[in-house]
Amino acid sequence: MAAPGLSAARPGGANGREGAPALPTGRTIELLLLVFAAVIVTGALVLVEANQEQELTPTLLYVGLAYLVVLTLAHLAVRKFAPYADPLILPSVALLNGLGLVMIHRLDLADQDRAALLGQPVPDSLVFKQILWTAVGLALFIAVLWLVKDHRTLARYGFTCGLVGLVLLALPGLLPSSISEVNGAKLWIRIGGAGIQPGEFAKILLIIFFAAFLVQKRDLFSTAGRRFLGMELPRARDLAPLLVAWGLSVGVLVVERDLGSSLLFFGILLVLLYAATERVSWMLIGIGFFVIGALIAYQLFGHVQVRVQVWLDPFSDYDNRGYQIAQALFGLGTGGVGGTGLGAGRPDLVPFAESDFIFSSLGEELGLIGLASILVVYLVLITRGLRSALAVRDSFGKLLATGLSFAVALQIFVVIGGVTKLIPLTGLTLPFLSYGGSSLVANYALVAMLLRISNAARAPLTRRPAAPAVPIADAGTELVQRPAVGPTTGPVPGPTGGRP
Amino acid sequence: MPELVLQLTRAGFLALLWLFVLVALRVVRSDLYAASGLRAIMPGGGRVSAKAGRSRTARQLQVTQGPLAGTRITLDSRPILIGRADDSTLKLDDDYASTRHARISQQGEEWYVEDLGSTNGTYLDRAKVTGPTRVPLGVPVRIGKTVIELRS
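Residues numbered from 1 in each chain as written. Chains lettered and ligands numbered in written order. Predicted model: local features only at pLDDT ≥ 70, side-chain atom pairs only at ≥ 80, totals over all residues.

**Student:** When you look at the overall build of chain A in this model, what are you seeing that I'm missing?
**Tutor:** Helix and strand counts for chain A come out as 16 helices and 6 strands. A burial count over chain A gives 47% of its 500 residues as buried. Taking the contacts inside chain A whose residues are at least 6 apart along the sequence as the reference set, 70% of them involve residues at least 24 apart. (Helix = DSSP H or I, 4+ residues; strand = E, 2+ residues; numbered from the N terminus. Buried ≥ 20, exposed ≤ 12 C-beta atoms within 10 Å, placed from the backbone. Contact = placed C-beta atoms within 7 Å.)

**Student:** Help me understand the packing of helix H14 (residues 358-391) of chain A against helix H16 (residues 437-458) of chain A in this model?
**Tutor:** Helix-helix packing is characterised by the crossing angle of the two axes and by the distance between the axes. All names here are of chain A. It is the contact of H14 with H16, at a shortest axis distance of 9 Å, that shows an interaxial angle of 45°. In terms of axis orientation, H14 runs oblique to H16. When you trace H14 past H16, the crossing you get is left-handed. Contact residues: Arg384, Gly385, Ser388 and Ala391 in H14; Leu450, Ile453, Ser454, Ala457 and Arg458 in H16. Per-class residue counts for the contact of H14 with H16 are 4 nonpolar, 3 polar and 2 charged. (Axes fitted to C-alpha atoms, helices over the stretch in contact; angles between N-to-C directions. Parallel < 35°, antiparallel > 145°, perpendicular 65-115°, else oblique. Left-handed = near helix turned anticlockwise from the far one by under 90°. Nonpolar A, V, L, I, M, F, W, Y, C, P; charged D, E, K, R; others polar.)

**Student:** What's the story with the sheet that holds strand E1 (residues 60-65) of chain B in this structure? I'm lost.
**Tutor:** The pairing of strands in a sheet happens through backbone hydrogen bonds and is either parallel or antiparallel. The 6 strands are arranged E2-E1-E11-E10-E7-E8 (chain B) in an open sheet whose pairing can be described as antiparallel. Of all strands in the sheet, those with a lone pairing partner are strand E2 (72-74) and strand E8 (127-128) of chain B, marking the two edges. (Pairing = 2+ DSSP bridges.)

**Student:** What is the right way to look at the sheet that holds strand E6 (residues 110-115) of chain B in this model?
**Tutor:** Residues and elements named next belong to chain B. The strand order across the open sheet built from 5 strands is E4-E3-E5-E6-E9, with neighbouring strands paired in mixed fashion. At either end of the open sheet lies a strand with only one pairing partner, and these are strand E4 (90-91) and strand E9 (133-134). Of the pairings in the sheet, the one linking E6 to E9 comprises 2 bridges and is antiparallel in character. In the strand pairing of E9, Tyr112 is matched with Arg134.

**Student:** How do you make sense of unusual backbone geometry when you look at a structure like this?
**Tutor:** Generally, phi is negative for residues other than glycine and the peptide bonds are trans, each holding for most cases. Residue and element names in this part refer to chain A. The phi torsion at Phe352 lies on the positive side, around 55°, for a residue other than glycine. What makes Phe352 partly exposed here is the crowd of 17 C-beta atoms within 10 Å. Within the chain, Lys421 stands out as a residue other than glycine whose phi angle is a positive 65°. In this structure, Lys421 sits in the loop between helix H15 (395-419) and H16.

**Student:** Looking at this structure, I do not really get the confidence of the model for chain A. What am I missing?
**Tutor:** A low pLDDT score tells you not to read the predicted coordinates there in detail. Residues and elements named next belong to chain A. With 81% of its residues at a pLDDT of 70 or more, chain A has an overall mean of 82. Contacts for the low-pLDDT stretch residues 1-21, under 50 throughout, to residues beyond four places or in other chains number 34 contacts. Of the regions scoring below 50 in pLDDT, residues 483-500 engages in 26 contacts with residues more than four places distant in sequence or in other chains. (pLDDT = per-residue confidence, 0-100.)

What follows is the structure, given as structure tokens:
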């Protein structure tokens, strides 16, 4: 593979004055990587069909074409609206989304086979729904890139975002269960056949709010306070935002019975507080709050206890509650290092194999090697987000990019940790891979914002015209780095000395 | 699908996945060196290397050892004053350096180092500098714990 030179498409000579080198936009690299991702996904689709059906079905064509159209549109949108955006973010997302589509299609085929064997009606094909959701996500992606020309404008709507986010978050908990409850968790708003999880969108809106709020009040949190054991303790009244976040996440836990989201909200605010103030004490206090909250939740809520017991020993209740995790572990074990090959395993034996447990499905068919590559792709996505946070110059952009990237990172940790029995299982979706409309659409919006921030970080500065030369009498005092020493060659008078 | 084909495609697909990762990491790496996440600073709108043809003249002074190691000073015709004084060009924070320790100045095309009566002396390579001494490119000049070199 040729080294993708960064000197790709250069913008026209608009600012090519005085030989200033035009900064590379990275769009050509992005295009190359997108083509590569499309090749991988197409290959995966062909393998799945060949292994499952022994022939290629028209579905292959539809899925592949839809995927290509989505990629092309996304790339064109980035070219138009954020020409300097990071070249790695979109290809990573495209590959993950594509692999998710392939795996969902593969599980569709398995479900259809089983239904045919048992003489049941053929279940709906999930992959077409997922493609539909991808298209909706793409529309939101383009809309965000188009409407948000400068991420700093979002800071002005911080409190609005916070309010809307809170309402969205609380709405399913307040609505009657017939509308909002699916599988014991009240996370949904279902109207007709389609349902969305407003919590996914609330996540992004609340990150915008937290970032805007912290930029405004940062000094308050980082200056006042007493020293104790070598670290600065915040004042009691400044703890309010942390307490609010804690209350919020516990509220989500109680009302909506959603362990994952509550963990996510709390973690995001904690990291944003830390990023804004650089104080370790916030982390320690936050972790303390988390432990207290976890202990109380364990005592009070039956579903938390069940999750913990299943985590500790899924095989003690294999036929019932531990079945899902145990099957996932068997699947990962079957996959081993190299996997069974796409379409050659039985990942459909795990309940919710296409949404919460898609990681174990991929693990069974791609093995440790494949899973590791997927994790590295996630890692690339997250590090590019964090890098944008480092490179962008305004505080709000820094905090927003940190929050968005960390939200993805934490969600991946919570999901994969749960599926692989590292931590208790919580019902979250794996970003871009899992089947789930709201998650996909919301994550596309999140990526659009990351691209917007990385565009601001990488775009060349608009050059200011050189300041006109001021007559020396009118010139202000200026600090010059290197004082001019007189061009004398003789000894300079002045104190000389060794050690004082 | 025949077993052999299955195994081959399986391995090939994993290789393809990792190839994608490697290409992505390669872009990350080139980006690290290009430092494109940070903005390229273009003082005066151009590069300093106007006189790139003449590689024999010193154009940079680089600190190679000591607490300031890695520091570079671009040379122009003005002399470089080294010492602990606040108005030094290269301000050392070193107990073994004097307030005004040494000066490196240009005469014609050459650069000369000159000890300004320091307590612990200035050394060009191994030899103690007594009068103005020519400094060739790449020869270390030792001042206290600091070693500097001229680079083209």
